[in-house]
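Examining the three-dimensional arrangement
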Amino acid sequence: MASKPGILTEWPWTWLGNFKYVVLAPYVTHSLHSFFMSEDESKRDMTYLIIFPFLLSRMLHNQIWISLSRYRTAKGDNRIVDKTIEFDQVDRERNWDDQIILNGLLFYYGYTKLEQAHHMPIWRTDGIIMTALLHTGPVEFLYYWLHRALHHHFLYSRYHSHHHSSIVTEPITSVIHPFAEHISYFLLFAIPLLTTVLTGTASIVSFGGYITYIDFMNNMGHCNFEIIPKWMFSSFPPLKYLMYTPSYHSLHHTQFRTNYSLFMPMYDYIYDTLDKSSDTLYEKSLERQGKSPDVVHLTHLTTPESIYHLRLGFASFASEPYTSKWYFWLMWPVTLWSMMVTWIYGHTFTVERNVFKSLNLQTWAIPKYRIQYFMQWQRETINNLIEEAIMEADREGIKVLSLGLLNQEEQLNNNGELYIRRHPELKVKVVDGSSLAVAVVLNSIPKGTTQVVLGGHLSKVANAIALALCQGGVKVVTLREEEYKKLKSSLTPEVATNLVPSKTYASKIWLVGDGLSEDEQLKAPKGTLFIPFSQFPPRKARKDCLYFHTPAMITPKHFENVDSCENWLPRRVMSAWRVAGILHALEGWNEHECGNMMFDIERVWKASLDHGFSPLTTASASESKA
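Residues numbered from 1 in each chain as written. Predicted model: local features only at pLDDT ≥ 70, side-chain atom pairs only at ≥ 80, totals over all residues. Heavy atoms only, no water.

If you tally the helices and strands in the protein, you get 27 helices and 14 strands. Taken along the three principal axes of its C-alpha coordinates, the protein extends 95 × 60 × 50 Å. Contacts in the protein between residues at least 24 apart in sequence constitute 72% of all its contacts with a sequence separation of at least 6. Summed over its atoms, the accessible surface of the protein is roughly 28,000 Å², and 61% of this surface lies on carbon and sulfur atoms. Looking at charge distribution, the protein has the averaged site of its 58 positive side-chain charges lying 5 Å from that of its 60 negative ones. (Helix = DSSP H or I, 4+ residues; strand = E, 2+ residues; numbered from the N terminus. Contact = heavy atoms within 4.5 Å. Areas by Shrake-Rupley, 256 points an atom, 1.4 Å probe, with all protein chains shown as cover. Lys, Arg positive; Asp, Glu negative; His and termini not counted. Charge placed at Lys NZ, Arg CZ, Asp CG, Glu CD.)

It is worth spelling out the UniProt feature "domain: Very-long-chain aldehyde decarbonylase CER1-like C-terminal" (unreviewed entry) in the protein at this point. When the UniProt feature table is mapped onto this chain, "domain: Very-long-chain aldehyde decarbonylase CER1-like C-terminal" (unreviewed entry) is found at residues 452-615. Along residues 452-615, the helical share is 32% and the strand share 17%, with 20 Å between the first and last C-alpha atoms. (UniProt positions renumbered as here; feature names shortened; annotations may be inferred.)

What follows concerns the pattern of salt bridges. Considering all chains together, one arrives at 25 salt bridges under this definition. With its nearest N and O atoms 3.7 Å apart, the salt bridge here joins Arg-578 to Glu-352. Residue Arg-578 is found in helix 26 (residues 576-587), and its partner Glu-352 is found in strand 2 (residues 349-356); the two are separated by 226 residues along the sequence. Across the pair, exposure class does not vary: Arg-578 and Glu-352 are buried alike. (Salt bridge = Lys/Arg side-chain N within 4 Å of Asp/Glu carboxyl O. Buried < 20%, exposed > 50% of the residue type's maximum accessible area, 1.4 Å probe, protein only.)

All right, on to the sheet that holds strand 7 (residues 475-478) then. Two pairing modes exist for strands in a sheet, parallel and antiparallel, and in both the strands are linked by backbone hydrogen bonds. Ordered by their spatial adjacency, six strands build an open sheet running 8-7-6-9-10-11, and the pairing between neighbours is parallel. What marks the edges here is a single partner per strand, and that holds for strand 8 (499-500) and strand 11 (546-547). With two bridges joining them, strand 7 and strand 8 adopt parallel strand pairing. Across the sheet, Val-477 pairs through a bridge with Val-500, a residue of strand 8. (Pairing = 2+ DSSP bridges.)

With that settled, the discussion passes to unusual backbone geometry. Excluding glycine, most residues fall at negative phi; most peptide bonds, likewise, are trans. Phi at Asp-272 takes a positive value of approximately 55°, unusual for a residue other than glycine. Of note, Asp-272 is situated in the loop between helix 13 (266-270) and helix 14 (278-287). A relative accessible area of 58% means that Asp-272 is categorised as exposed. Residues other than glycine seldom take positive phi values, yet Asn-561 does so here, at roughly 65°.

This paragraph deals with the packing of aromatic side chains. In this structure the tally under the stated criterion is 29 aromatic pairs. Ring centres 4.9 Å apart and planes at 70° place the aromatic pair Trp-145 and Tyr-271 in the edge-to-face group. Of the two residues, Trp-145 sits in helix 6 (residues 125-150) while Tyr-271 sits in the loop between helix 13 and helix 14, which places them 126 residues apart along the sequence. Look at Trp-145 and you get partly exposed, because its relative accessible area is 36%. By relative accessible area, which is 31% here, Tyr-271 ends up partly exposed. For the ring pair Phe-530 and Tyr-547, a centre distance of 4.9 Å and an interplane angle of 20° mean the geometry is stacked. Here the residue Phe-530 occupies a position in strand 10 (residues 529-532), and Tyr-547 occupies one in strand 11, the gap between them amounting to 17 residues. Per residue, the accessibility class of Phe-530 equals that of Tyr-547, and both read buried. Taken together, the ring pairs in this structure connect Phe-141, Tyr-144, Trp-145, Tyr-260, Tyr-267 and Tyr-271 into an aromatic cluster. (Phe/Tyr/Trp six-rings, centres within 6.5 Å; stacked < 30°, edge-to-face > 60°.)

Per the UniProt annotation, the sites labelled "transmembrane region" (unreviewed entry) are residues 183-211 and 326-346. The span residues 183-211 shows a helical share of 83% and a strand share of 0%, and its end C-alpha atoms are spaced 15 Å apart. Helix makes up 62% of residues 326-346 and strand 0%. Its end C-alpha atoms lie 30 Å apart.

Turning our attention to the domain arrangement of the protein. On domain assignment, one finds that the protein holds domain 1 (14-287), domain 2 (295-431 + 554-624) and domain 3 (444-548). Summarising the inter-unit geometry, the C-alpha centres of domain 1 and domain 3 are found 56 Å apart. (Domains from an automatic or database assignment.)

Next up on the list: the nonpolar core. By size, the foremost hydrophobic cluster in this structure holds 87 residues, and its most contacted members are Ile-386, Leu-436 and Leu-511. When residues of this core are assigned to domains, at least three fall in each of domain 2 (295-431 + 554-624) and domain 3 (444-548). If near-sequence neighbours (up to four positions away) are discounted, Ile-386 is found in contact with Leu-298, Ile-366, Leu-403, Asn-407, Leu-412, Asn-413 and Tyr-419. Ranked by size, the runner-up nonpolar core spans 56 residues in total, among them Ile-100, Tyr-111, Ala-117 and Tyr-248. (Core = buried A, V, L, I, M, F, W, Y, C linked by side-chain atoms within 4.5 Å.)

We now examine the sheet that holds strand 13 (residues 573-575). One open sheet accounts for three strands, arranged 13-12-14; its pairing is antiparallel. Where the open sheet ends on each side, the last strands, each with one partner, are strand 13 and strand 14 (614-615). Bridging between strand 12 (residues 552-554) and strand 14 involves two bridges; their strand directions are antiparallel. In the sheet register, Met-553 faces strand 14, and the bridge partner there is Pro-615. Strand contacts of helix 26: strand 12 and strand 13, with the helix running at about 85° to strand 13, the strand carrying the most contacts. (Axes fitted to C-alpha atoms, helices over the stretch in contact; angles between N-to-C directions.)

The next point concerns helix 21 (residues 434-444). Note: α-helices contain 3.6 residues per turn, so residues at a spacing of three or four share the same orientation. Among the 11 residues of helix 21, nine are classified as buried, and the element is accordingly described as predominantly covered. For helix 21, the set of buried residues is Ser-434, Ser-435, Leu-436, Ala-437, Val-438, Ala-439, Val-440, Val-441 and Ser-444. Its buried side turned inward, helix 21 meets helix 22 (460-471), strand 9 (509-512), strand 10, strand 12, helix 26 and helix 27 (601-610).

The next thing to look at is the confidence of the model for the protein. Across the protein, the average pLDDT comes to 91, with 98% of residues at 70 or higher. Segment residues 621-626 is flagged for pLDDT under 50; beyond a separation of four residues in sequence, or across chains, it makes 16 contacts in the model. (pLDDT = per-residue confidence, 0-100.)

Relative to the helices and strands, Leu-251 resides in helix 12 (residues 246-255). Leaving out residues up to four positions away in the same chain, Leu-251 has contacts with Phe-256, Thr-258, Asn-259, Asp-275, Ser-277, Ser-278 and Leu-281.

Before going further, it helps to examine a nonpolar patch on the surface. On the surface, Phe-19, Val-22, Trp-326, Trp-329 and Leu-330 cluster together into a nonpolar patch covering about 630 Å² of accessible area. Along the polypeptide, Leu-330 turns up in the loop between helix 16 (315-318) and helix 17 (332-344). Classification of Leu-330 by relative accessible area gives exposed; the value is 52%. (Patch = residues over 30% accessible without salt bridge, like charges linked within 9 Å, V, L, I, M, F, W, Y side chains within 5 Å.)

Where helix 3 (residues 51-75) contacts helix 9 (residues 204-221), the axes come no closer than 10 Å and their chain directions differ by 20°. On the basis of the axis angle, helix 3 is roughly parallel to helix 9. Once helix 3 is placed against helix 9, the crossing between them reads as right-handed. Listed contacts from helix 9 to Phe-54, Arg-58, His-61, Asn-62 and Trp-65 of helix 3 are Gly-208, Ile-211, Thr-212, Asp-215, Phe-216, Asn-219 and Met-220. The residue makeup of the contact of helix 3 with helix 9, split by class, is five nonpolar, five polar and two charged. (Parallel < 35°, antiparallel > 145°, perpendicular 65-115°, else oblique. Left-handed = near helix turned anticlockwise from the far one by under 90°. Nonpolar A, V, L, I, M, F, W, Y, C, P; charged D, E, K, R; others polar.)

And the structure:
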């Protein structure tokens, strides 16, 4: 919101929420009916029919820019403003599609009211030339003065300050304005469109091309990395007056009183509002190299729809804990296409970039889905991908690589030990994070607990938890006989007295891992607190019980560039396995944590608290109540 919101700030359909697209439904339905069902050839108008597909193409165009920008920002090359994006900016910019809905309504309305807009030809050269001239003259000129007016205190505080709340811009920042401001922009951009329609020179190409040009320049100019190569300006020097660059416009967002032009800087030159550092910043941004990360967290895709939840996907989805949406089935062609790409693409890709204290952090993803990790014939391929990532991290001088999700599966690579055996000379430290995961689970158990139930498949983490609890005098009840025998064989006779087979399920504290069945959950008493020790949360079968988060910690406020959620975890909450890699680098622990190796649990827990990470309380489990 602007600091002092003015009239017509809110969009008219805000109250509809995610159903706002229904405002286009009558026009879309009518256009389809008139083209495919009408027996009158004169009513079958391609111009009317393609408005809706064109709106969809604009959304795709914008999304491509969003994903490209976030990928380049994660890599760090050619960055312009070295500041971060946080959740408040994502929330403010999540309604970027409102302007496309508005344009669609106005296009449909204009079509129904202007007979000249019917049956437009595909191409008319005179109309294209007229559109270019009208944009260069009236549109750019009027926008420049409108923009300066919007920076006057009265209009700025009521409208334009909403846009300038984003110091570090993303492509879609370009269209984040109050409703009234968008109306004024549409009136400007309508000058070439209406003129060509009324003079009979309009064409589908001039209309579509002009709107695509506006979208392209808007998105490109609001990237936080430089994309225009220097040779373009060297080959044609006047181009500097006709096309701005991302660094040129970023100065407007940081300095506020310079570089007011729309896409063509010539009016800033004419009226002496050009920022004198524009050329210098442009050249510096082109040369700027991304900093090599100190710590890498290696994760992977989970479900087919998780591709949308990645930070590179839909920003609004990524900013919330991952859940499957009912409307994802409408996107199955895109989902299927993305799955095919991941099957073909054989290399990890950078997902996210963060900064914590003096450490540069990155998250890399293996292009494989959870289900593929359980396919025997896929395991060699996955192990090779993980190994390649570790070797790449070693070549780049990265200090620590933490293994997330199933990348540390015991049956896959024995918690990462496979790679250490193959490459004993590795300088990068491979961390599975088990010690911190154990510490988080132990500190999630309510104080005074004397008995817990242990369920699900046993793992390195589960064994360590059982050992710590039994040594501390807490009774550990196992659900399965075979698990009881395995655990008992690893404990001393004295400690094993606190390990008991399943006879009663009176305890309301259940520590659960992968493989916990719904039938087993139904045996728990009402009000039971399920605390997972696995990477993946259990499938919730009870509405009268509480489900805690998978082992995780709340990040400190000074953890930078956090604008997406890690899988199903809440905002600014990070998995214990990921935190462990960061602690490893901060503390300078010069050894691997993989295979059977574990650090001192109390030492790891204390280090996490010392560095500002804080535990999730069991009270927050109520937010996850099934």
